[in-house]
Amino acid sequence: MLKFLTKRLIQTIPVLIGVTILTFSMVLLIPGDPAQIMAGESASPEQLEIVRERLGLNDPIPVQYFDYLSGVVRGDLGNSIRSGRAVSTEVFGRLAPTVELAFYSTLLSVFIGIIAGVVSAVRRYSLSDTLIMFAALFGLSMPNFWLGLMLIQWFVIGTGWFQASGWGTPQQMILPVLTLGTAGSAIIARMTRSSMLEVIDQDYIQTARAKGVSEKMVIYRHALKNAMVPVVTVVGLQFGSLLGGAVLTETVFAINGLGRLIINAIRARDFPIVQGGVLVFAFLFVFVNIIVDVLYRFLNKRIDLN
Amino acid sequence: MTEKLLQVDNLKISFSTGDSLTEVVSDVSFEIGHGKTLGIVGESGSGKSVSARSIMQLLENNAVVDQNSRIRFNGEEILEKSDREMRKIRGKDIGMIFQDPMSSLNPTMKIGKQISETIQIHEKASKKEAAVRAKEIMKLVGIPDVEDRFNQYPFEFSGGMRQRIIIAIALACSPKLLIADEPTTALDVTIQAQILELLKDIQKKTGTSILLITHDFGVVANMCEEIVVMNKGRVVEKGTTKEIFSSPKEDYTKRLLAAIPDLHAEKTQESKEKLADIYSGTREKLLEVNQLAKHFPLGRGTTLKAVDDVSFDIYRGETLGLVGESGSGKSTTGRTLLRLHDATSGETVFEGSDINTYKKRQMKEMRKKVQFVFQDPYSSLNPRQKVKDIIGEPLDIHKLFANKKERKKRVEELLELVGLEASFSERFPHEFSGGQRQRIGIARALAVEPEFIVLDEPLSALDASVQATIVDLLEELQRKLNLTYLFIAHDLATVKKLSDRVAVMYKGSIVELTDSEELFRNPLHSYTKKLLSAIPVPDPHYEVTEEVLSPEEDLAVSIEGQSFTEVRPNHWVMQ
């Protein structure tokens, strides 16, 4: 296991380097002169030159990249243009609500998705199957910012049970988690259903039934673990898109997370923050996928061979 | 008279599809005494498996058992039992063995747990007690190193070993009845012999009754006291094994028995003349294979030598049989020969030059003369293509027609050539039976008017009676079109029928090569001898020889450091 983890971690190095190349290129790809954007429209040529010199924009591009990379390795992501504080301080200060939001949403969607998918598969073509699959389709096709607004409309303005802004208390957290977790629940439910249906048709399920195993245990002990193999992969990918979805959800629910930080930085053209935020998102995504690989390995013993 | 262990009366089962009911089993009755073995023999679709499953009440949800049907087991009426009551019988009083050992074990559960689970369910045993019992049973079914094996997963077991585990699961609670549904169909012939012997041995030790379901008369002949022959959901004939084999009453039974290829049949005059030509050197050499090798990297510096320095010639108009068990490298040889795999070393000389050196254009030329027919008629036809496009595609690629009308005509000719109707060209593959699909596969291979066809196990997915018709078709096509075949198979009997000469492959090497009559009459290599003696003989009086029954490990025959030599005229052996 340790060997596998080491190998997997070494494999991520090229991926992470690729990510830094992309975040670095973002600044190059912005139309116009980055120094102009940062210094403002009214800056004089002298001021521009100072900004350029300070940012190292006069160096050849490879040199600029290596400066950036060595900064990333040391944990130095530059300074925010607006606040002047270190990007790493700003970004990591906002990280917790976003990760919590994505994590709870994933938990919710795994919980709802797997239960709904299993029920749907076991009672194939029944009324509950139809209803669950209809709900899943609905959940999947609904944009989550709209769902967030509707939830605010009903449960904040309407009943007043929850709060529509901030992060920390259950009253603040339930609606955003629900908003972000709905689409995931739907995807996982559909995935679980089809995976489960495939497994139920396998010969070893017949073997289990022929042993006299009760139908509940056939599903729980024999089918579920095998059906989870493809679902785990989806959950990992899902977590990544939840990070993206968090940007919208945080805006709707006014949560001071990383997503909102990035959005505000984009508005203010605070590019070091955008760059740092995206980099942290990408690193998180890679990290989560390592966890998924470990889980996958645990579920599917055959991977041990390789 | 004491009551029989199992008595099935007027069993009638229908499947509901939409609004209509289709009867799949009609008025089936049979019985099994204590400690006896009954064989149900039938081809696919005969209703034999459905009948067996109904005893366990393990039918699909859309199956309906008629009210007048009776299944009495151990003095109780099975069909009146609730699911809860049935669960106490399943795995305890009736154990079931399934066909495919590769897919019948839970891939994510340890072997030991899969066996002890049954014991825990039925005997209220603790985890520890169940494990002890499970290990005993693993020993009983011939698993070596039980302590280590107990904690392994199914993927660490070979096919034969997995089938032993499945038998162990079925035996875990000492059932009164074992239902074995095609227990050896997916296994190699030498493994099959061992598994059948294991079942007999277990019956002797435990006194269980066995219901053996199979399509193979060779398997029932020396396993069962009595046989039920089924066809299209009905019992065609019942009787003792000796009666059925010596004096079958019904035409259907006679036909099935006649479809069993005879290992001792003499070859035709035509084949003898071919052999005479080949041996005297007057027949043209079509293909010369010199020290062909194909190695696959397995990672970490190890390689699998799937084909290791194989040499042989193929003469125009002959059929060379290539026989071996799974993993022997026979299919890889066929594929490497046509450059579906690139050879690791060696050459295949076709029309004077080595095809491994061909450039793209020459390859395309070669593909026109050399074709391939695949094993599985279900997966080798594109389900979204109409028959006319499946057969027409090679015509398109090699531009073998002037206009659409000509293409249509050619497709229809090809369909008729393989014994199908011209009107089938507008249909999709799923509308055809396995045998018909295999004919479509053959028509596709014939479309480019090839000289040489590699037939990779073209019969193994088909019923025996269908196999016989395809063999006839292949022989007829060979005569009509002067085709040359490389016929790859694991089934020695059909190889004998179709081939002029036979090469036996074992662990990537050819261990014996001679004409088929000589090979069956006078096998010289120890592996060939084992292979031949393991074939189940469709004769109830036949006794299995001891040497077949050595456990899996002992079967390994060493061919290390041996060379291929001509021991007798035209009889080559690795020694």
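Conventions and cut-offs
Residues numbered from 1 in each chain as written. Chains lettered and ligands numbered in written order. Predicted model: local features only at pLDDT ≥ 70, side-chain atom pairs only at ≥ 80, totals over all residues. Heavy atoms only, no water. Helix = DSSP H or I, 4+ residues; strand = E, 2+ residues; numbered from the N terminus. Rg over C-alpha atoms; globule rule 2.2 N^0.38 Å. Buried < 20%, exposed > 50% of the residue type's maximum accessible area, 1.4 Å probe, protein only. Contact = heavy atoms within 4.5 Å. Lys, Arg positive; Asp, Glu negative; His and termini not counted. Charge placed at Lys NZ, Arg CZ, Asp CG, Glu CD. Areas by Shrake-Rupley, 256 points an atom, 1.4 Å probe, with all protein chains shown as cover. 1 Å grid on protein atoms, 1.4 Å probe; cavity = no way out; pocket = protein on both sides within 12 Å on 5 of 7 lines; lining within 4 Å. Points joined across faces, edges and corners; volume = space filled by probe spheres on them. Nonpolar A, V, L, I, M, F, W, Y, C, P; charged D, E, K, R; others polar. Pairing = 2+ DSSP bridges. Axes fitted to C-alpha atoms, helices over the stretch in contact; angles between N-to-C directions. Parallel < 35°, antiparallel > 145°, perpendicular 65-115°, else oblique. Left-handed = near helix turned anticlockwise from the far one by under 90°. Expected span 1.5 Å × (residues − 1). Bend = angle between axes of the 7 residues up to and from the residue. Phe/Tyr/Trp six-rings, centres within 6.5 Å; stacked < 30°, edge-to-face > 60°. Core = buried A, V, L, I, M, F, W, Y, C linked by side-chain atoms within 4.5 Å. Buried area = accessible area lost by both parts, 1.4 Å probe. Salt bridge = Lys/Arg side-chain N within 4 Å of Asp/Glu carboxyl O. Polar contact = N/O pair within 3.5 Å; in protein donor to acceptor, adjacent residues only side chain to side chain. Patch = residues over 30% accessible without salt bridge, like charges linked within 9 Å, V, L, I, M, F, W, Y side chains within 5 Å.

Regarding the overall build of chain B
- Looking only at helices and strands, chain B features 20 helices and 23 strands.
- Relative to its length of 575 residues, chain B is compact, with a C-alpha radius of gyration of 26 Å against a globular reference of 25 Å.
- Once the C-alpha set of chain B is aligned to its principal axes, its extents read approximately 75 × 60 × 50 Å.
- Burial analysis of chain B (575 residues in total) assigns 53% to the buried set.
- Put simply, of all contacts in chain B between residues at least 6 apart along the chain, 69% involve residues at least 24 apart.
- Placing the 78 positive and 87 negative side-chain charges of chain B at their respective mean positions leaves the two points 4 Å apart.

Re the overall build of chain A
- Across its full length, chain A holds twelve helices and zero strands.
- Each helix and strand of chain A, placed in order from N terminus to C terminus, yields the pattern α-α-α-α-α-α-α-α-α-α-α-α.
- Each of the three principal axes of chain A carries a C-alpha extent, and together these read 85 × 55 × 30 Å.
- The contacts of chain A with a sequence gap of at least 6 include a subset with a gap of at least 24, amounting to 72%.
- On chain A, roughly 15,700 Å² of surface is accessible, and the fraction owed to carbon and sulfur atoms is 67%.

Quick look at empty space enclosed by the protein
- All chains considered together, the criterion is met by two cavities of 30 Å³ or more.
- The volume enclosed by the second largest cavity comes to roughly 40 Å³.
- Together, Thr207(A), Ala210(A), Lys211(A), Gly91(B), Gly95(B), Met96(B), Ile169(B) and Ala170(B) line the second largest cavity.
- At the level of elements, α9 (203-210) of chain A together with β7 (94-97) and α6 (159-171) of chain B are the ones that each hand at least two residues to the lining of the second largest cavity.
- When grouped by side-chain class, the residues that make up the lining of the second largest cavity number four nonpolar, three polar and one charged.

Concerning the pairing of strand β1 (residues 6-17) of chain B
Residues and elements named next belong to chain B.
- Examined bridge by bridge, β1 and strand β2 (residues 20-32) share nine bridges and lie antiparallel to one another. Note on β2: the bridge partner recorded for Ser 14 is Glu 23.
- Connecting β1 to the next strand, β2, in antiparallel fashion are two residues, including Gly 18 with a positive phi near 65°.
- Note: β1 against strand β5 (residues 70-73), four bridges, orientation antiparallel. The partner of Leu 6 across the bridge, within β5, is Phe 73.
- Sheet topology note: the β1/strand β4 (residues 63-65) ladder contains three bridges and is antiparallel. If you follow Ile 13 over to β4, its bridge partner there is Val 65.

Considerations on the packing of helix α14 (residues 387-397) of chain B against helix α15 (residues 404-417) of chain B
Residues and elements named next belong to chain B.
- At their nearest, the axes of α14 and α15 sit 10 Å apart, and the two run at 115° to each other. The angle between α14 and α15 falls in the class roughly perpendicular. The crossing of α14 and α15 is right-handed. On α15, the residues touching Val 387, Lys 388, Asp 389, Ile 391, Gly 392, Glu 393, Leu 395 and Asp 396 of α14 are Arg 407, Arg 410, Val 411, Leu 414 and Leu 415.

Remarks on helix α1 (residues 2-29) of chain A
Residue and element names in this part refer to chain A.
- Over its 28 residues, α1 runs 40 Å from end to end, which matches the ideal 40 Å to within 8%, given 1.5 Å per residue.
- The largest bend in α1 amounts to roughly 25° and is located at Ile 13, with the proline Pro 14 lying one to four residues further along.
- For α1, the complete set of buried residues consists of Phe 4, Arg 8, Thr 12, Val 19, Thr 20, Thr 23, Phe 24, Ser 25 and Val 27.
- Along its buried surface, α1 packs onto α2 (34-39), α4 (61-74) and α12 (271-299).

As for the packing of aromatic side chains
- Under the counting rule described, the total for this entry stands at twelve aromatic pairs over all chains.
- The interplanar angle of 65° and the centroid separation of 5.4 Å between the aromatic rings of Phe24(A) and Tyr65(A) together place this pair among those described as edge-to-face. Pair noted here: Phe24(A) is in helix α1 and Tyr65(A) is in helix α4, with a separation of 41 residues, a long-range link. Taken as a pair, Phe24(A) and Tyr65(A) share a single burial class, namely buried.
- For the ring pair Phe372(B) and Phe374(B), a centre distance of 4.8 Å and an interplane angle of 45° mean the geometry is tilted.
- Taken together, the aromatic side chains of Phe24(A), Tyr65(A), Phe66(A) and Tyr68(A) make up a single cluster linked through ring pairs.

Things to note about the nonpolar core
- Counting 65 residues, the largest nonpolar core has Leu101(A), Met196(A) and Leu258(A) as the members making the most contacts within it.
- Take this core: its biggest share by element is 14 residues, from helix α10 (residues 215-252) of chain A.
- In this view, Met196(A) contacts Val118(A), Ala121(A), Ile219(A), Ala223(A), Leu224(A) and Ala227(A); residues no more than four positions away in its chain are not counted.
- Formed by 52 residues, the second largest nonpolar core is a distinct cluster that contains Leu414(B), Phe424(B), Phe487(B) and Leu531(B).

Brief notes about the interface of chain A and chain B
- Of the residues lining the interface, 20 residues belong to chain A; the matching set on chain B comes to 27 residues.
- Between chain A and chain B, the buried area comes to about 2,200 Å², and carbon and sulfur atoms account for 56% of it.
- On the surface where chain A and chain B come into contact, there are two salt bridges.
- The salt bridge involving Arg221(A) is made with Glu117(B); its shortest N-O contact spans 2.5 Å.
- Between the two partners, chain A and chain B, sit 14 residue pairs in polar contact (both at pLDDT 80 or more).

A closer look at a negative patch on the surface
Residues and elements named next belong to chain B.
- Taken together, the side chains of Asp 9, Glu 31, Glu 225, Glu 226 and Glu 243 define an acidic patch exposed on the protein surface.
- Within the secondary structure layout, Glu 225 lies in the loop between α8 (217-221) and β10 (226-231).
- When its relative accessible area of 38% is taken as the criterion, Glu 225 is described as partly exposed.

Here's the deal with the layout of surface pockets
- Approximately 1,300 Å³ is the volume attributed to the second largest pocket.
- Along the walls of the second largest pocket sit 42 residues, with Gln206(A), Arg209(A), Leu59(B), Glu60(B) and Asn61(B) positioned nearest its centre.
- Taken together, the elements giving at least two residues each to the lining of the second largest pocket come down to α5 (87-122), α8 (170-200), α9 and α10 of chain A together with α1 (48-56), β4 and α2 (83-89) of chain B.
- Residues that form the lining of the second largest pocket fall into these classes: 16 nonpolar, ten polar and 16 charged.

A few points about the pattern of salt bridges
Residues and elements named next belong to chain B.
- For the structure shown, the criterion picks out 42 salt bridges over all chains.
- Across the pair Asp 181 and Arg 53 runs a salt bridge whose closest N-O atoms are separated by 3.9 Å. Residue Asp 181 is located in strand β8 (residues 177-181), and its partner Arg 53 is located in helix α1; the two are separated by 128 residues in the primary sequence.
- For Glu 475, the salt bridge is made with Lys 497, and the minimal N-O distance between the two is 3.5 Å. One end of the pair, Glu 475, is in helix α17 (residues 464-481); the other, Lys 497, is in helix α18 (residues 492-498), and 22 residues separate them in sequence.
- Looking at Lys 497, the relative accessible area reads 39%, which means it is partly exposed.
- Each member of the salt-bridge network shares a partner with another, and the members are Lys 409, Arg 410, Glu 413 and Glu 449.

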